[in-house]
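Each chain, written out:
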Amino acid sequence: MSKQLTTFFCEYNILPEHQTRDVCLTLFGGMTKEDDWRELGDVKLLGRWSCVGEARGFCVAQAADVVTMQKWLNNWVTMADIKVTPCLDDNQQRELILGQKPKYTVAYNKVGNPQKSGESLYVVKYQFSHKRMLRNRGFNLFAKMTQEQDNMDSGKCTSYGRWHVPSLGCGYALASCPSAMDAYRWAYNWNALCDCELIPVTRDEDTRKIIQSRPGFQEKREALMSQMGH
């Protein structure tokens, strides 16, 4: 029987020194899907999203163990700080809270999808109240939601995936939203119980197009590759 993979949510910040940022963005911006697959090794990347203006971003990946995960991230550690958090998906979180399998399961087949036409992608970071009574109330409300209630909760936004850190009462979501107002409407449903931070992001394909659009990008990349012996 194959070992179940652990899901990790990563938050990365490219180091602020100008030359380091320039090298990191140039390297990443010039990578192809094939380059990604070679670099990942035994890690399964579910999705990666960037805030280009802040030189930071997020990714969700799965690995058999922590060593495998850190081996991949070691490729970037000289250029970025990377926080790695093991997490649970909706189905695992509900099973943990309820003490049994939930009545319906959430599919995670849209995690790497692009935003819908005319929409934008948002990462949502949530933090339940540190007051135990409110946190438990939030946990129980979430765990007992029906599929219909879950769909109504997100309104016009389409959830591509949620990941939870039960020991800290926090977690992350990724969604395609028609507008910021729609994203805030979703978050406001939980206003009495938790704080939500909305972060506009781009997936790898769009991020790389943005980076490559900078004047002189190709010449800079060729010079960097030559310096690295490629």
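Residues numbered from 1 in each chain as written. Predicted model: local features only at pLDDT ≥ 70, side-chain atom pairs only at ≥ 80, totals over all residues. Heavy atoms only, no water.

## Here's the deal with the environment of Ser 213
For Ser 213, the location among the structural elements is in the loop between helix H8 (204–212) and helix H9 (217–227). Remark: the alpha-carbon pair of Ser 213 and Arg 135, spanning 78 residues in sequence, is separated by 45 Å. (Helix = DSSP H or I, 4+ residues; strand = E, 2+ residues; numbered from the N terminus.)

## Focus: the packing of helix H1 (residues 18–29) against H8
In the contact formed by H1 and H8, the axes pass within 9 Å of each other and the chain directions differ by 120°. Looking at the two axes, H1 sits oblique to H8. Here H1 and H8 pass one another in a crossing that is left-handed. Counted together, Leu 25, Phe 28 and Gly 29 of H1 and Asp 204, Thr 207, Arg 208, Ile 211 and Gln 212 of H8 form the full contact between these two elements. Residues belonging to the contact of H1 with H8 are distributed by class as follows: 3 nonpolar, 3 polar and 2 charged. (Axes fitted to C-alpha atoms, helices over the stretch in contact; angles between N-to-C directions. Parallel < 35°, antiparallel > 145°, perpendicular 65-115°, else oblique. Left-handed = near helix turned anticlockwise from the far one by under 90°. Contact = heavy atoms within 4.5 Å. Nonpolar A, V, L, I, M, F, W, Y, C, P; charged D, E, K, R; others polar.)

## Points about helix H5 (residues 132–143)
Along its 12 residues, H5 runs 16 Å from first to last C-alpha, staying within 8% of the 16 Å computed at 1.5 Å per residue. When we look at burial in H5, the residues that qualify are Arg 135, Gly 138, Phe 139, Phe 142 and Ala 143. Each buried residue of H5 lies within a common arc of 125° when the element is viewed along its axis, so the set occupies one face. Where H5 is buried, its residues contact helix H4 (90–98), strand E5 (120–128) and strand E6 (158–165). (Expected span 1.5 Å × (residues − 1). Buried < 20%, exposed > 50% of the residue type's maximum accessible area, 1.4 Å probe, protein only. Arc of directions from axis to C-beta.)

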